[in-house]
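Inside the fold
Chain by chain, the residues:
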Amino acid sequence: MDSPMSVKKSSAAPSARASTVDKSILSLLTGLVGSSSSSRTAFCDAAPAPPPLPPLGGTGSSSADATIAAQAPKPEEATSSPPPPLTSTDSSSSPPPTDSIAEAAAAVSSVSNPGPYEHAALDAKRLVALDTHDGVRVDINKQLSPYMPVVHSFWLGTGMLPDGRNNTYTFLAQVADESGLMMARVDPGRGSVDGRIHRAVLGGLINLKLQVGVSAEGQGDQILGEADFGGQTWMGNLKYGSMGGGIVFGANYFQSVTSKLALGGEGMYIAANQNLLSNYTVKYTTEAKSAVDEEEGVLGLGGAGGGRGTGNSDGLSTIIGNYNSAQGMLSFNYKRVVNPDRVTLGAELQCSPASLESQVLVGAEFNLTRSKVNICVDGSGRVQSTLESKLGMAPGSPSLSFAAEVDHAKETMRFGYGLNIGGLIGMTS
């Protein structure tokens, strides 16, 4: 039997062993925690402490500013040196950049296409070659579709027809689109048919034309083919066909020498009478002040592009000289734009160097709001005038025209009037 003292000793032994185990575990945990904290402290890159703020005022502000300036990072621009200046070798090897728009504008020539040779003097001649007639003319235009108009033309009470008739009726039809046109005109009284076909080929580089005319008598039958072609500063034409019972072929060329001067010539051979025809043309266009420019100059309105008239394209003077070797005739035409879209003056001088015969004509055109007046006087005392007036403001409104011609030398007079309903189309070349 155990004694109480022995029981006490046996019970105290386990508690001592438990306290020893607890101390061992506690020391182990303390060592682990210490090692982990030391490892974290060793591998953590903490940011350096910011510099102290400078005091507000006082003597220490300069030293603090120096400290901040020394500690502040310097910019990259301060550390890098400026680039060296360009030498002549560098500048020549690398040219400065150019403007593509300026290059394109400089590449475009100021010399433009002069247009067809046949139209060189057309705009100036119309001022002195008025379409005066007698009797009554009525033109009725009907638009059957956007591409096809037809015209009924009546001419009554006239004595100007070559076959002695005093009236005539013609029917005209036209079909046109963006690339060409077809036109036909029928005269039942004469039994004649005229037709034209225009067509652009090769993307508009060449314009082909075919003209055909047949009649009941057969004397005026003709067929003529043409080809118009050109470049930026020139225009050419070739002709071949049958006219007057023989072969006809010819060519013309029109060239812009400068922006104001154009030269050209034409030659044609007619096999029916074995004639070789030729003529030569010189056209000169210059800028001139119009009445609008002069008025703005007086009123002080013609600033740098601030007025209506610029004096560049509004007021123009054109002189055309032509020599026809077959007729031995030398002619000069002059056109002067006095007021743009209002007043235009024209003159023509024809003379024969061989016989010294001459003729002079002076014409004027006045464009008003709803009417147009043309007048022409020649050296023999003949006076021609036409008046055309719109009867409405809407597009396609009818127009009324009057024509008169008085020749004092021959003591002849001619008067007529016309009515145009729905516009008018003609047999253009």
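Some remarks on the overall build of the protein chain
For the protein chain, the helix and strand inventory stands at seven helices and 19 strands. Burial status across the protein chain gives 25% buried among its 429 residues. When contacts within the protein chain are restricted to residue pairs at least 6 apart in sequence, long-range pairs at least 24 apart make up 34% of them. Accessible surface, the protein chain as shown: approximately 27800 Å² in total, 63% of it carbon and sulfur.

Description of the pairing of strand E5 (residues 192-201)
Relative to E5, strand E4 (residues 180-187) runs antiparallel, the two sharing eight bridges. Residue pairing across strands places Val 186 opposite Val 193, the latter belonging to E5. Between E4 and E5, which pair antiparallel and follow one another directly, the connecting turn spans four residues, one of which, Gly 191, has a positive phi of 70°. Between E5 and strand E6 (residues 206-214), which pair antiparallel and follow one another directly, the connecting turn spans four residues, one of which, Leu 202, has a positive phi of 55°.

A closer look at the side chain of Asp 187
Structurally, the position occupied by Asp 187 is in strand E4. Asp 187 gets classed as buried once you look at its relative accessible area, which sits at 8%. A polar atom in the side chain of Asp 187 sits 3.2 Å from the backbone nitrogen of Gly 189.

Side note on the packing of aromatic side chains
By convention here, two paired aromatic rings are described through the distance between centres and the angle between planes. Considering all chains together, one arrives at five aromatic pairs under this definition. Geometrically, the ring pair formed by Phe 154 and Tyr 169 is tilted, given 5.0 Å between the ring centres and 40° between the ring planes. In this pair, Phe 154 is assigned in strand E2 (residues 148-156) and Tyr 169 in strand E3 (residues 167-177), connecting sequence segments 15 residues apart. We classify Phe 154 as partly exposed; its relative accessible area is 34%. Here the aromatic residues Phe 229, Trp 234 and Tyr 253 are joined through ring pairs into a cluster of three or more. For the cation-ring pair, Arg 137 lies above Trp 155, with the distance from its terminal atom to the ring centre recorded as 4.3 Å.

Some words on the pattern of salt bridges
For the structure on display, the rule yields 15 salt bridges. Ionic pairing is found between Arg 126 and Glu 365, a salt bridge with its closest N-O pair at 2.6 Å. A residue pair is termed long-range when its members are at least 10 positions apart, and Arg 126 in the loop between helix H6 (122-125) and strand E1 (135-145) and Glu 365 in strand E15 (residues 358-367) qualify at 239 residues. Overall, Arg 126 belongs to the partly exposed group, its relative accessible area being 35%.

A word on the confidence of the model for the protein chain
Per-residue confidence for the protein chain gives a mean pLDDT of 78, with 67% of residues at or over 70. Taken as a whole, residues 56-70 scores under 50 in pLDDT and shows five contacts with residues more than four places along the chain or in a different chain. Note on residues 299-313: pLDDT is under 50 here. Beyond four places in sequence and across chains, it has 17 contacts.

Concerning the pairing of E4
Summarising the sheet, E3 and E4 pair through seven bridges and their orientation is antiparallel. Residue pairing in the sheet places Ala 176 in a bridge with Leu 181 of E4. Adjacent in sequence and paired antiparallel, E3 and E4 are bridged by two residues.

A closer look at a nonpolar patch on the surface
A surface patch of nonpolar side chains, about 750 Å² in accessible area, is lined by Tyr 147, Val 175, Met 182, Val 186, Val 193, Ile 197, Leu 210, Val 212, Val 214 and Ile 223. Those elements giving two or more residues to the nonpolar patch turn out to be E4, E5 and E6. Here the nonpolar patch gets three residues from one element, more than from any other, and that element is E6. In this structure Ile 197 comes out as partly exposed when scored by relative accessible area, which is 38%.

Details of the environment of Phe 366
Structurally, the position occupied by Phe 366 is in strand E15. With 27 residues separating them in the primary sequence, Phe 366 and Asn 339 have C-alpha atoms 9.4 Å apart. Every residue in contact with Phe 366, bar those within four places of it in the chain, is listed here: Arg 342, Val 343, Ser 371, Lys 372, Val 373 and Ile 375.

Digging into unusual backbone geometry
Glycine aside, residues mostly have negative phi angles, and peptide bonds mostly take the trans form. We note that Leu 202 has phi near 55°; this positive angle belongs to a residue other than glycine. Counting through the fold element by element, Leu 202 comes out in the loop between E5 and E6. Phi at Glu 411 takes a positive value of approximately 55°, unusual for a residue other than glycine. Note on placement: Glu 411 falls in the loop between strand E18 (399-407) and strand E19 (412-421).

Regarding the side chain of Ser 153
Summarising the element assignment, Ser 153 is placed in strand E2. At a separation of 2.8 Å, a polar atom in the side chain of Ser 153 contacts the side chain of Asp 139.

Examining the environment of Arg 414
Looking at the secondary structure, you find Arg 414 in strand E19. On the accessibility criterion, Arg 414 (29% relative accessible area) is partly exposed. As for Arg 414 and Gln 384, which are separated by 30 residues in sequence, their C-alpha atoms are 9.4 Å apart. Ignoring sequence-local partners within four residues, the contact set of Arg 414 consists of His 133, Asp 134, Met 160, Ala 403, Ala 404 and Glu 405.

Parameters and conventions
Residues numbered from 1 in each chain as written. Predicted model: local features only at pLDDT ≥ 70, side-chain atom pairs only at ≥ 80, totals over all residues. Heavy atoms only, no water. Helix = DSSP H or I, 4+ residues; strand = E, 2+ residues; numbered from the N terminus. Buried < 20%, exposed > 50% of the residue type's maximum accessible area, 1.4 Å probe, protein only. Contact = heavy atoms within 4.5 Å. Areas by Shrake-Rupley, 256 points an atom, 1.4 Å probe, with all protein chains shown as cover. Pairing = 2+ DSSP bridges. Polar contact = N/O pair within 3.5 Å; in protein donor to acceptor, adjacent residues only side chain to side chain. Phe/Tyr/Trp six-rings, centres within 6.5 Å; stacked < 30°, edge-to-face > 60°. Lys NZ or Arg CZ within 6 Å of the ring centre and 35° of its normal. Salt bridge = Lys/Arg side-chain N within 4 Å of Asp/Glu carboxyl O. pLDDT = per-residue confidence, 0-100. Patch = residues over 30% accessible without salt bridge, like charges linked within 9 Å, V, L, I, M, F, W, Y side chains within 5 Å.

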